[in-house]
Amino acid sequence: MPVLKFRVYWEEDESVYRDIAVKPSQNFLQFHQAILTAYEFDSKHKATFFRSNDNWQRGREILLEKDAQPRKVEPLLMSDTPIGAMVRDPNQKFIYLYDYAKNWTFLVELISVAKEENTKLNYPVCVRKEGLAPSQYGTKGLIGDKLVEMEEKYDLNREGMSEDGFGEEGEETEGEDDGLEETGGEEETMF
């Protein structure tokens, strides 16, 4: 059975994304749960997918659960809709909206189709993580791998900083030439 690989970008920073592999026969509810797991979000809020075009315009809606909102076209339900049924082209796009109050928006793009599934994986599965996931409820403590990842990304390690010419703020080193010459009381001007 083929496997679809989607790249799920956080709308506010495209350098933050998760690649999720899913079988075409799996439904959008399973995909929704995989996205939440990949971004370390809880599942306490409502969510919806929109089929989209290359300009990221919202098309047919795929809801987590039915609601009373009037729409021009009856929305589909995540639990009843296989992902393969909504993929119409090789670069299919979706918009995923989570937690209507916070309006977490993710841009979902089909990036590849594998002919065979990996029997060692349990689909849907996150196969790549890039960038620090946004914190769902504000700042969260940075521990373990996340702190190491930030140190690598932003080079927060202070070792070796003075060797490269970075000292403490306001600190001067002996014999430092600031490029100014004393002229015996009067300033010389070049003009």
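Let us look at the structure shown here. Because the structure is predicted, anything quoted here is derived from the model rather than measured.

**Here's the deal with empty space enclosed by the protein**
- This model, assessed by the stated rule, comprises one cavity of 30 Å³ or more.
- Volume-wise, the largest cavity comes out at about 40 Å³.
- Per-class residue counts for the lining of the largest cavity are four nonpolar, no polar and three charged.

**A short note on the sheet that holds strand E2 (residues 13–22)**
- Here we have eight strands laid out as an open sheet, ordered E5-E4-E3-E6-E7-E1-E2-E8, and mixed in their pairing. Bordering the open sheet on either side are strand E5 (76–77) and strand E8 (125–130), each of which pairs with just one other strand.
- Pairing geometry for strand E6 (residues 93–98) and strand E7 (residues 104–114), over six bridges, is antiparallel. Bridging across to E7, Lys93 finds its partner in Glu109.
- Contacts from helix H1 (residues 28–38) reach strand E1 (3–10), E2, strand E3 (47–52), strand E4 (58–63), E6, E7 and E8 within the one sheet, and its direction differs from that of E6 by about 65°.

**Details of the nonpolar core**
- Membership of the largest hydrophobic core comes to 34 residues, with the highest contact counts inside it found for Phe6, Phe28, Phe31, Tyr39, Phe49 and Tyr96.
- Put simply, the parts of the chain that give this core at least two residues each are E1, E2, H1, E3, helix H2 (83–86), E6 and E7.
- The element best represented in this core is H1, accounting for six residues.
- In contact with Tyr39, other than residues within four places in its own chain, are Val8, Tyr9, Trp10, Val16, Tyr17, Arg18, Phe106, Ala133 and Pro134.

**What about the pairing of E1?**
- The buried fraction of E1 amounts to seven of the eight residues, a majority that puts the element mostly inside the structure.
- As paired strands, E1 and E7 are joined by eight bridges and run antiparallel to one another. Across the sheet, residue Val3 finds its bridge partner in E7, namely Ala114.
- One ladder, built from seven bridges, connects E1 with E2; its direction is antiparallel.

Thresholds, definitions, all that
Residues numbered from 1 in each chain as written. Predicted model: local features only at pLDDT ≥ 70, side-chain atom pairs only at ≥ 80, totals over all residues. Heavy atoms only, no water. 1 Å grid on protein atoms, 1.4 Å probe; cavity = no way out; pocket = protein on both sides within 12 Å on 5 of 7 lines; lining within 4 Å. Points joined across faces, edges and corners; volume = space filled by probe spheres on them. Nonpolar A, V, L, I, M, F, W, Y, C, P; charged D, E, K, R; others polar. Pairing = 2+ DSSP bridges. Helix = DSSP H or I, 4+ residues; strand = E, 2+ residues; numbered from the N terminus. Contact = heavy atoms within 4.5 Å. Axes fitted to C-alpha atoms, helices over the stretch in contact; angles between N-to-C directions. Core = buried A, V, L, I, M, F, W, Y, C linked by side-chain atoms within 4.5 Å. Buried < 20%, exposed > 50% of the residue type's maximum accessible area, 1.4 Å probe, protein only.

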